[in-house]
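# Close look at the chain arrangement
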Amino acid sequence: MLTRRGFAGFASCALCGLAEFVATEVSAQGTPPPAPAGFTRKILSQMDGPMPGYVTIITEVTIDPGTFVARHTHPGIESGYVVAGGFELPIEGQPTRMVKAGDGFQVPVATPHAGAKIGDTKAVVVSTYVVEKGKPLVSPA
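Cut-off values and rules
- Residues numbered from 1 in each chain as written.
- Predicted model: local features only at pLDDT ≥ 70, side-chain atom pairs only at ≥ 80, totals over all residues.
- Heavy atoms only, no water.
- Helix = DSSP H or I, 4+ residues; strand = E, 2+ residues; numbered from the N terminus.
- Buried < 20%, exposed > 50% of the residue type's maximum accessible area, 1.4 Å probe, protein only.
- Contact = heavy atoms within 4.5 Å.
- Areas by Shrake-Rupley, 256 points an atom, 1.4 Å probe, with all protein chains shown as cover.
- Core = buried A, V, L, I, M, F, W, Y, C linked by side-chain atoms within 4.5 Å.
- 1 Å grid on protein atoms, 1.4 Å probe; cavity = no way out; pocket = protein on both sides within 12 Å on 5 of 7 lines; lining within 4 Å.
- Points joined across faces, edges and corners; volume = space filled by probe spheres on them.
- Nonpolar A, V, L, I, M, F, W, Y, C, P; charged D, E, K, R; others polar.
- Pairing = 2+ DSSP bridges.
- Axes fitted to C-alpha atoms, helices over the stretch in contact; angles between N-to-C directions.

This next bit is on the overall build of the protein chain. Looking only at helices and strands, the protein chain features one helix and 10 strands. When the helices and strands of the protein chain are read in sequence order from the N terminus, they spell out α-β-β-β-β-β-β-β-β-β-β. The buried share among the 141 residues of the protein chain stands at 36%. A fraction of 64% describes how many contacts in the protein chain between residues 6 or more apart in sequence connect residues 24 or more apart. Accessible surface, the protein chain: about 7,700 Å² in total, of which carbon and sulfur atoms supply 62%.

Have a look at this one:
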């Protein structure tokens, strides 16, 4: 049975996750709007290709301690490299893993995944996305 306290926690988590997607949606053709506190995604490079209808975007993602990144998908492949810190990375269909500085990871096309920054230092990740042009970079899952 869901208590009032449990429901309040669930509702606030759901609202935060929804707000994160509204605030961090990045079009595969534009620059990102301001992100919520605790999470930033900065576009470092963007170019058309590797084939017509696709764009390659390189980003630097910073995740502050205690930040939860809600389940989401991308309209293409994400390849990431953890530069500093670490975080928990659940990818649907795979065991949840803890990634740390020096680790790389890949998320298949349209596969739901999330993240949680555990610990007391921020995480910095460089991610390369090869995604369908004109679609939002991030969609809630």
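Turning to the nonpolar core, a few remarks are in order. Ranked by internal contacts, the top residues of the largest apolar core, which has 13 residues, are Val82, Phe87, Leu89, Phe105 and Val125. Those elements that place two or more of their residues in this core are strand S2 (54-63), strand S5 (86-89), strand S7 (104-107) and strand S9 (123-132). Setting aside its immediate chain neighbours within four residues, phenylalanine 87 contacts Val82, Arg97, Met98, Val99, Phe105, Ala116, Lys117, Ala123 and Val125.

Before going further, it helps to spend a moment on empty space enclosed by the protein. Overall, the coordinates contain one cavity of 30 Å³ or more when judged by the stated rule. Size it by volume and the largest cavity reaches roughly 170 Å³. When grouped by side-chain class, the residues that make up the lining of the largest cavity number 10 nonpolar, five polar and two charged.

Reading across the sheet, the five strands line up as S1-S2-S9-S4-S7 and stay open at both edges, with antiparallel pairing between neighbours. Looking at the sheet topology across the chains shown, the edges are occupied by strand S1 (39-48) and S7. With direction set aside, neighbouring strand axes in the sheet form an average angle of 20°. Strand direction decides the pairing type here: S1 and S2, joined by nine bridges, are antiparallel. In the strand pairing of S2, glutamine 46 is matched with isoleucine 57.

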